[in-house]
Amino acid sequence: MKLVRKDLEKDNAGQVTLIPEEPEDMWHAYNLLQVGDSLRASTIRKVQTESATGSVGSNRVRTTLTLCVETIDFDSQACQLRVKGTNIQENEYVKMGAYHTIELEPNRQFTLAKKQWDSVVLERIEQACDPAWSADVAAVVMQEGLAHVCLVTPSMTLTRAKVEVNIPRKRKGNCSQHDRALERFYEQVVQAIQRHINFEVVKCVLVASPGFVREQFCDYMFQQAVKTDNKLLLENRSKFLQVHSSSGHKYALKEALCDPAVTSRLSDTKAAGEVKALDDFYKMLQHEPDRAFYGLKHVEKANEAMAIDTLLISDELFRHQDVATRARYVKLVDSVRENMGTVRIFSSLHVSGEQLGQLTGVAAILRFPVAELSDQEDESDSEED
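What counts, and where the lines are drawn
Residues numbered from 1 in each chain as written. Predicted model: local features only at pLDDT ≥ 70, side-chain atom pairs only at ≥ 80, totals over all residues. Heavy atoms only, no water. UniProt positions renumbered as here; feature names shortened; annotations may be inferred. Domains from an automatic or database assignment. Contact = heavy atoms within 4.5 Å. Buried area = accessible area lost by both parts, 1.4 Å probe. Pairing = 2+ DSSP bridges. Helix = DSSP H or I, 4+ residues; strand = E, 2+ residues; numbered from the N terminus. Axes fitted to C-alpha atoms, helices over the stretch in contact; angles between N-to-C directions. Parallel < 35°, antiparallel > 145°, perpendicular 65-115°, else oblique. Nonpolar A, V, L, I, M, F, W, Y, C, P; charged D, E, K, R; others polar. Buried < 20%, exposed > 50% of the residue type's maximum accessible area, 1.4 Å probe, protein only. Salt bridge = Lys/Arg side-chain N within 4 Å of Asp/Glu carboxyl O.

- The name given to the protein in an unreviewed UniProt entry is Protein pelota homolog, and the organism recorded there is Aegotheles bennettii.
- According to the UniProt record, the Function (unreviewed entry) comment for the protein reads "Component of the Pelota-HBS1L complex, a complex that recognizes stalled ribosomes and triggers the No-Go Decay (NGD) pathway. In the Pelota-HBS1L complex, pelo recognizes ribosomes stalled at the 3' end of an mRNA and engages stalled ribosomes by destabilizing mRNA in the mRNA channel."
- Recorded in UniProt for the protein, the comment headed Cofactor (unreviewed entry) runs: "a divalent metal cation".

### Focus on the domain arrangement of the protein
- Here the protein is described as being made up of domain 1 (2-129), domain 2 (137-268) and domain 3 (271-377).
- The C-alpha-based centres of domain 1 and domain 3 are spaced at 32 Å.
- Each partner contributes to the interface: domain 1 provides 13 residues, whereas domain 3 provides 14 residues.
- Here domain 1 meets domain 3 over a buried area of about 1100 Å², counting both sides, of which 52% is carbon and sulfur.

### Here we look at the sheet that holds strand 9 (residues 146-152)
- What the five strands build is an open sheet, ordered 10-9-8-11-12; its pairing is mixed. The two strands at the open ends of the sheet, each matched to only one other strand, are strand 10 (157-164) and strand 12 (240-244). Across the sheet, the mean angle from the axis of one strand to that of its neighbour is 20 degrees, orientation sign disregarded.
- Sheet topology places strand 9 next to strand 10; seven bridges connect them, and they run antiparallel. Bridge assignment links V152 to a residue of strand 10, and that residue is T157.
- The sheet contacts of helix 3 (residues 176-196) involve strand 8 (137-143), strand 9, strand 10 and strand 12, and relative to strand 10 the element is tilted by about 150 degrees.

### Quick word on the packing of helix 3 against helix 4 (residues 213-228)
- The geometry of helix 3 relative to helix 4 is characterised by a closest axis approach of 10 Å and an angle of 70 degrees between their N-to-C directions. By the criterion of interaxial angle, the relationship of helix 3 to helix 4 is roughly perpendicular. Along the contact surface, helix 3 presents E183, Y186, E187, V189, V190 and I193, while helix 4 presents V213, Q216, F217, Y220 and M221.
- Taken together, the residues of the contact of helix 3 with helix 4 sort by class into eight nonpolar, one polar and two charged.

### Points about helix 11 (residues 351-358)
- Here helix 11 has its buried residues at V351, S352, G353 and L356.
- One or two steps after helix 11, the chain reaches T360, where phi turns positive at roughly 75 degrees.

### Comments concerning the pairing of strand 11 (residues 204-209)
- For strand 11, the buried fraction is high: six of the six residues fall into the buried class.
- The alternating pattern of strand 11 places C204, L206 and A208 and V205, V207 and S209 on opposite faces, both of which are buried.
- Both strand 8 and strand 11 contribute to a ladder of five bridges, which runs parallel. Bridge pairing in strand 11 places V140 opposite V207.
- Bridge count between strand 11 and strand 12: five bridges; the pairing is parallel. In the strand pairing of strand 12, V207 is matched with Q242.

### Overview of the pattern of salt bridges
- Applying the stated criterion across every chain yields a total of 16 salt bridges.
- Between E105 and R108 there is a salt bridge, with the nearest N and O atoms lying 3.3 Å from each other.
- The exposure class of R108 is partly exposed, given its relative accessible area of 35%.
- Note that D118 is salt-bridged to R326, the shortest N-O span being 2.8 Å. Note that D118 is positioned in the loop between strand 7 (110-114) and helix 2 (119-128) and R326 in helix 10 (residues 323-338), a separation of 208 residues in sequence.
- Its relative accessible area of 4% is what places R326 among the buried residues.
- Look at the salt bridges and you will find they share partners, linking R62, E105 and R108 into a network.

Following this line, the structure appears as structure tokens:
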């Protein structure tokens, strides 16, 4: 994302002009937009024209509209963002108050105006405009007959290809059908890797599976690469890292990212930081449960006691339609930072973010136990009994 201009007043009202350059920038734009904001962008409008003879025709014109945002629709797989709202500025083609849908396009600037730019939104702009925040991890999560080829960006886990091949069982004295199907499956996965992974950007490709599937696949892939003199795969052989996962489904990617060999290799990526923070929370919940809390009320109480060491919060909460509720989450983030705590904002499109969402979307690792909170939990448990 490229920041063209930022005009903010002392009360944090104002506008920013941005140019989305990558598909992932649409995800950042989705998190910046809120109902009630003003969005100005170039769009196509179908216009009816009447000739001197009275015949009516229609043609498409490109025009710049300013909408008051009413609905926001994001397609995570295609990385497309559509914004619907009413026109709030005079335009020769569109009446004031008329509805229109703008689809934000790569390399076309848009201007977003808000009555209040909070700290979380401003931080999102900084991250989106930082060139270091790019998709530098890819993963192939597989089992016999099923594979997911994913890109792990700082903001989301994108499934780029799903490969499914029916593998017949091995039969006594005849394994040829099984072996042929397995070879066909491996070949399709290799093709998906070459089609969807940009080795100029990607630092590491995780190959995760149960059993020996990953070893067999990698042996096949590099044997074929030598036979066909595939320079792309041979030159990037060192980037492939084999790790264990329980299955070939996308959710198993979290296990692969938790592997110590992976975390040391990916130590400079945001994705690894999120996974480690969530892993630390679960360990704390298991071994010292009075230093790990989740749920907004409990976390707010812990914050009042200045006990929060690390706050884990989902970006989904900052898209809440209710302004007061959203402001409550922003206040919590600002307060934890003021108290020298660490804040990790998880993407709801990451596997780690999905897991945090199951824990209400907000959790905290505490510096020290807060007795009142533990007592409150015990009281609520006894009341339920």
